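Observations on the three-dimensional arrangement
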Amino acid sequence: MHLGLFLLAAGHHAGGWRYPGAESGTENFGLITRMARVAEAAKFDMVFFGDRLVTSAEAHPSMITRPDPLVVLAMLAVQTQHIGLVATASTTYSEPYALARAFASVDLLSQGRAGWNIVTTVQDGSVNFSRQRHPESTERYAIAEEFVEVVQGLWRSWDPEPYVKDPAAGVYMDTRKLHILNHAGPYFQVQGPLNVTRSLQGAPVLVQAGSSGPGQQLGARHAEVIFTAQQDLEEARAFCQGLKQQVAAAGRDPAQVKVMPGLMPIVGATAAQARDKLARLQAYTDQSKAHYLLSAELDHDLSGADLDAPVPDLPVDGGGFSRRKLLLGLARTQKLTLRQLYHQVASSRGHQVVAGTAEQIADHMQHWVEAGAADGFNIMPAYFPAGLEDFTREVVPILQARGQFRRDYAGRTLREHLGLALPAL
Ligand SMILES: Cc1cc2nc3c(=O)[nH]c(=O)nc-3n(C[C@H](O)[C@H](O)[C@H](O)COP(=O)(O)O)c2cc1C
């Protein structure tokens, strides 16, 4: 299986930073470096940094402040040797040339360890980017499709090894290996070429995290890693297998796409102790943030709503709603009030929480992979450092002993860790 560390440095649980012994700070590069190195020492495939382009004082403690994840990747490339470096960037509020160049630069200078998590940005970012309006989801995905094609085209600007550096002949580069893109489309006009050559892995790995219909279609056409939020084994298996069928229908090899649901492990010496830990974290949840965090994850303004009332019905069809659909599904099956749903959102934003002994957590992960519901997991520690160190110290060795996870890196690049082929020239 494949493992990613989803690094939100004040913890994924909204109360995690208050847990005894917790260290936090999305701007604490010392902590970020140490946690990335803990994941690297445990042979994780990648460390992942999410991003949102709008913040507020009411936001989740790990999201109020957030340095540009691409800058963090570049700095971590110097502090680590093997682990993949993945960051989110928006196709709605970025320029293809600038984004292609930034990820290609991290990829080249990190010896082939970069990955881009493609998001269309659900939150209204127009307020920060001088736009008249925030495109609705169908348009965001249409923009994303062209955006990704342009970026991949720019990453093919140079064939491998274009440097000649023959002083006698006066030839510095083999410009026959240079290709002009000349893209002209409904949203972007990009001539190229890119002024960054290819890394050891040919091009950054493409990750995508949308689970709606349009989200899955974009992922099936382009992504090599799919992040998703899943709670139920059967639904997760249907999502994973359904996604791979779409990959095959798009003419791609399903084995070249890795589906990695998020997972928050709460490790205890006993199952009861793990449940106590989770209950303690829940007690640290700040109720005053309920309206904001619920509105953010449900993408619907709930300010002033009665938290002890049942969760309201909201439309779920179309793009941008997969998280809403998952959370409303939970509320329906468990008959939750808004406050009870808030506790789910505050803990893991709809991703699965597995509280138990190390053996039980390893069993759960192995079962999901063997059932075809996942190729690996995006690990979401509730708090740092212990929320991660408990997992790497106790669960990873069990997975390694069972032959479920690598004991050492076999390759140097993120593609090699993930078992992905080099991109076509
Ligand atoms: C593991 C994971 C990580 C995500 N990271 C981000 C992120 O960093 N920034 C963001 O705007 N959306 C992020 N998303 C949200 C998705 O990109 C997408 O916007 C959301 O799933 C709604 O789109 P959909 O309905 O098309 O699936 C993430 C989703 C998942 C499952």
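The preceding data block contains the structure.
Let me sum up the structure you'll find in this document. Because the structure is predicted, anything quoted here is derived from the model rather than measured. Each chain has its residues counted from 1, running along the sequence as written. In view of the model being predicted, local features appear only for residues whose pLDDT reaches at least 70, and side-chain atom pairs are presented and counted only at 80 or more, with totals across whole chains, interfaces and linings using the full set of residues. Processing note: side-chain calculations cover all non-hydrogen atoms of the structure and skip hydrogens and water entirely.

Brief notes about the site of the ligand
- Nearness is judged by heavy atoms alone; a residue qualifies as near a molecule or strand once a single heavy atom is within 4 Å of it. Contacts to the ligand come from 22 residues, most closely from Asp51, Tyr141, Ser211, Ser212 and Ser322.
- A 3.5 Å cut-off defines polar contacts: any pair of N or O atoms within that distance qualifies, except that in protein one atom must be a possible hydrogen donor and the other a possible acceptor, and neighbouring residues in sequence count only when both atoms are side-chain atoms. Separating an oxygen atom of the ligand from a backbone N or O atom of Ser211 is a distance of 2.5 Å.
- In this description, accessible areas are obtained by the Shrake-Rupley approach with a 1.4 Å probe, and a residue is regarded as covered only by the protein chains that are shown. Protein burial of the ligand: of its 620 Å² of free accessible surface, 92% is covered by the chains.
- A run of H or I in DSSP becomes a helix once it reaches four residues, and a run of E becomes a strand once it reaches two; helices and strands are each numbered from the N terminus. Sorting the residues of the shell around the ligand by element identifies strand 4 (114-119), strand 10 (225-228) and helix 9 (322-334) as the ones contributing at least two each.
- Grouping the amino acids of the shell around the ligand by side-chain chemistry returns eight nonpolar, twelve polar and two charged. Each residue is assigned to one of three groups, with Ala, Val, Leu, Ile, Met, Phe, Trp, Tyr, Cys and Pro labelled nonpolar, Asp, Glu, Lys and Arg labelled charged, and all others, Gly among them, labelled polar.

Here we look at the environment of Ala401
- Counting through the fold element by element, Ala401 comes out in helix 12 (residues 386-401).
- Partly exposed describes any residue whose relative accessible area lies between the buried limit of under 20% and the exposed limit of over 50%, with all areas from a 1.4 Å probe on protein chains only and scaled to the type maximum. The exposure class assigned to Ala401 is exposed, which follows from its relative accessible area of 59%.
- Sequence spacing of Ala401 and Arg415 is 14 residues, and the spatial spacing of their C-alpha atoms is 24 Å.

Some words on the packing of aromatic side chains
- Side-chain rings of Phe, Tyr and Trp (the six-membered ring for Trp) are treated as a pair once their centres are within 6.5 Å; stacked means planes under 30 degrees apart, edge-to-face means over 60, and tilted covers the remaining angles. Taken as a whole and judged by the stated rule, the model has 13 aromatic pairs.
- Taken together, the ring pairs connect Phe103, Trp116, Phe147, Trp155 and Phe188 into an aromatic cluster.
- Geometrically, a charge over a ring is one whose NZ (Lys) or CZ (Arg) sits within 6 Å of the ring centre while staying within 35 degrees of the ring normal. Over the ring of Tyr19 we find Arg280, and its NZ or CZ is 5.5 Å from the ring centre.

Digging into the pairing of strand 5 (residues 163-166)
- Any two strands are treated as partners once DSSP identifies two or more bridges connecting them. By the bridge criterion, two bridges tie strand 5 to strand 6 (residues 171-173) in an arrangement that is antiparallel. Bridging from a neighbouring strand, Asp166 pairs with Val171 of strand 6.
- Between strand 5 and strand 6, which pair antiparallel one after the other, the connecting turn spans four residues, and Gly170 there sits at a positive phi close to 70°.

Notes on the side chain of Thr357
- Here Thr357 is to be found in the loop between strand 12 (352-356) and helix 11 (358-370).
- Thr357 gets classed as buried once you look at its relative accessible area, which sits at 17%.
- Setting aside anything within four residues of it in sequence, one finds Thr357 in contact with Gly268, Ala269, Thr270 and Ala271. Residues are treated as being in contact if the distance between any of their heavy atoms lies within 4.5 Å.

Let's talk about unusual backbone geometry
- Note that the residue after Gly192, namely Pro193, is joined by a cis bond; omega there is 0°.
- Take Pro193: it is sitting in the loop between strand 8 (189-190) and strand 9 (205-208).
- In this chain, Phe384 is followed by Pro385 through a cis amide linkage whose omega measures -5°.
- With respect to the element layout, Pro385 can be found in the loop between strand 13 (376-379) and helix 12.
- With phi around 50°, Ser130 is a residue other than glycine that occupies positive phi space.
- Position of Ser130 among the secondary structure elements: in the loop between strand 4 and helix 4 (137-155).
- Of note in the backbone geometry, Arg349 takes a positive phi value of approximately 50° without being a glycine.

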